[in-house]
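What follows is the residue order along each chain.
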Amino acid sequence: MGVEQTLMRFEEGLKLWGISLDEIQRERFRKLTELLLEWNEKLNLTSITAPERIAVEHYLDSVAPLAFKLIGEGMSVVDVGTGAGFPGLPLAILSPLTSFTLIDATRKKVNYLQTVCSELGLTNVEVVWGRAEELSRNEVFREGFDVAVSRAFGALDVVWECTLPFVKVGGIAVAYKGAKVDEELEIGKQTAPLVGGEVKAVYKFKLPSTEINRALVVAEKVEITPPRFPRRPGTPEKRPLHLLTGTKMRHNKTDTKTN
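These remarks concern the structure in this document. The numbers attached to residues start from 1 for each chain and follow its sequence in the written order. Only residues with pLDDT of at least 70 get local features here, since the model is predicted, and only at 80 or more are side-chain atom pairs given and counted; chain-wide, interface and lining totals rely on the full set of residues. Here the side-chain values reflect all heavy atoms present in the structure, with hydrogen atoms and water set aside.

1. With respect to the environment of Glu237
Okay, step 1: Put simply, DSSP marks the helices as runs of H or I at least four residues long and the strands as runs of E at least two long, and each gets a number from the N terminus on. With respect to the secondary-structure elements, Glu237 resides in helix 9 (residues 235-238).
Okay, step 2: Assessed through its relative accessible area of 39%, Glu237 is described here as partly exposed.
Okay, step 3: Glu237 sits 122 residues away from Thr115 along the chain, and the two C-alpha atoms are 30 Å apart. Partly exposed residues are those whose accessible area sits between 20% and 50% of the maximum for their type, while under 20% is buried and over 50% is exposed, using a 1.4 Å probe and protein chains only.

Structure, rendered in structure tokens:
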């Protein structure tokens, strides 16, 4: 019953965004929910397990870029720090003609994601194990994607350093944020140029039929990322870019979303 509740709530929300599921997509979300709950008992993938919360805080939140037309057919998308597969898996299910690369540094999560993709038959998804700071220096991945997405990854300057090196000039990086986005927006604007980006838009919205405030911060890749970025693994968090610009955080807490 819980899985069906999740699907019903998810579809209700999608309709408010003008999005509908076909039968194949519906079955894939059903199977995804089952696998998430099953594997969560072993791996502690998420603290969100109630049917309504999975539908709203994982699925609807993940696919918000589709409501704002930020991802289209034929694009290549990288999900940096995908964790339990959010936002990448829901986006991939709803966008079968778009290719997705899901990156995570935890081997057990990568094994889970590979199992999910196999069981759901998601041929448009590749799962890669590794650190973003290292993979984005690999010529296979560096500046090879139209869109980078990241959810629950840290403050905007950390997100930009770990996502924009993956993005082609002319592409975009999309950072998922919450109600406190304004507290770190200035840092996002000041630091994006260091890695070849420019903040172009902030989409603020409530998740359908809720009072949950969310935001998508979009940075366009306007020039090639300098060779010095990203820095070594762990450095973006320990010595974030805003320290290089002298920009101060308005508050100590960054606005992230936990899986």
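2. Regarding helix 8 (residues 182-191)
Because each turn of an α-helix spans 3.6 residues, side chains separated by three or four positions end up pointing in the same direction.
Okay, step 1: Along helix 8, the residues that are buried comprise Glu183, Glu184, Leu185, Ile187, Gly188 and Thr191.
Okay, step 2: Looking at the buried positions of helix 8, the neighbouring elements they touch are helix 7 (156-163), strand 5 (167-178), strand 6 (197-206), strand 7 (213-221) and helix 10 (242-245). Throughout, a residue-residue contact means that at least one pair of heavy atoms, one from each residue, lies within 4.5 Å.

3. What to know about the pattern of salt bridges
When charged atoms on two side chains of opposite charge get close, those side chains can pair.
Okay, step 1: The rule for a salt bridge is simple: a side-chain nitrogen of Lys or Arg has to be within 4 Å of a carboxyl oxygen of Asp or Glu. Tallied over the entire structure, the rule returns 17 salt bridges.
Okay, step 2: Between Asp146 and Lys168 there is a salt bridge, with its nearest N and O atoms 3.5 Å apart. Of this pair, Asp146 sits in strand 4 (residues 145-151) while Lys168 sits in strand 5; the two residues are 22 residues apart in sequence, bridging distant segments of the chain.
Okay, step 3: What you see here is one network of salt bridges that share partners, running through Glu4, Glu27 and Arg30.

4. A short note on the packing of helix 7 against helix 8
Okay, step 1: Packing of helix 7 against helix 8 brings their axes to within 8 Å, and their N-to-C directions diverge by 35°. Residues Leu156, Asp157 and Trp160 of helix 7 form the contact with helix 8, whose participating residues are Glu184, Leu185, Ile187, Gly188 and Thr191.
Okay, step 2: Residue polarity is assigned by list, with Asp, Glu, Lys and Arg as charged and Ala, Val, Leu, Ile, Met, Phe, Trp, Tyr, Cys and Pro as nonpolar; anything else, Gly included, falls into the polar class. For the contact of helix 7 with helix 8, the class distribution of residues is four nonpolar, two polar and two charged. Lines fitted to C-alpha atoms define the axes here, with helix axes fitted over just the stretch in contact, and angles between the N-to-C directions of these axes take values from 0 to 180 degrees.

5. Considering the side chain of Glu161
Okay, step 1: With respect to the element layout, Glu161 can be found in helix 7.
Okay, step 2: Residue classification places Glu161 among the buried positions, given a relative accessible area of 0%.
Okay, step 3: Those residues in contact with Glu161 that sit more than four places away from it in its chain are Val195, Phe229, Pro230, Arg231, Pro236 and Leu241.

6. Quick look at the packing of aromatic side chains
A ring pair, where both rings are aromatic, is described by two values, the distance of the centres and the angle of the planes.
Okay, step 1: Any two rings among Phe, Tyr and Trp, with Trp reduced to its six-membered ring, count as a pair given centres within 6.5 Å; such a pair is stacked if its planes are under 30 degrees apart, edge-to-face if over 60, and tilted if neither. A full pass over the atoms with the stated rule returns 10 aromatic pairs.
Okay, step 2: Measuring from ring centre to ring centre gives 6.1 Å for Trp17 and Phe205, while their planes differ by 70°; the resulting arrangement is edge-to-face. With Trp17 in the loop between helix 1 (2-16) and helix 2 (23-43) and Phe205 in strand 6, this pair connects stretches of sequence that are 188 residues apart.
Okay, step 3: Summarising the aromatic geometry, the rings of Tyr59 and Phe86 are spaced 6.1 Å apart at their centres and angled 50° between planes, so their arrangement reads as tilted. Linking Tyr59 in helix 3 (residues 51-67) with Phe86 in the loop between strand 1 (76-80) and helix 4 (88-94), this pair joins segments that are 27 residues apart in sequence.

7. Quick word on the sheet that holds strand 7
Okay, step 1: Here a strand pair is declared whenever DSSP counts at least two bridges between the two strands. Taken together, the seven strands give an open sheet; going across it, the order is 3-2-1-4-5-7-6, and neighbouring strands pair in mixed fashion. Whereas interior strands pair on both sides, the edge strands pair on one side only; in this sheet they are strand 3 (125-129) and strand 6. This sheet shows a mean twist of 20° between the axes of neighbouring strands, independent of strand direction.
Okay, step 2: Here six bridges tie strand 4 to strand 5, and the two strands are oriented parallel to one another. Paired with Val147 across the bridge in strand 5 is Ile172.
Okay, step 3: Contacting strand 4, strand 5, strand 6 and strand 7, helix 3 crosses the sheet at an angle of about 150° to strand 4.
Okay, step 4: In the packing of helix 8 onto the sheet, contacts are made with strand 5, strand 6 and strand 7, and the angle to strand 6 comes to roughly 160°.

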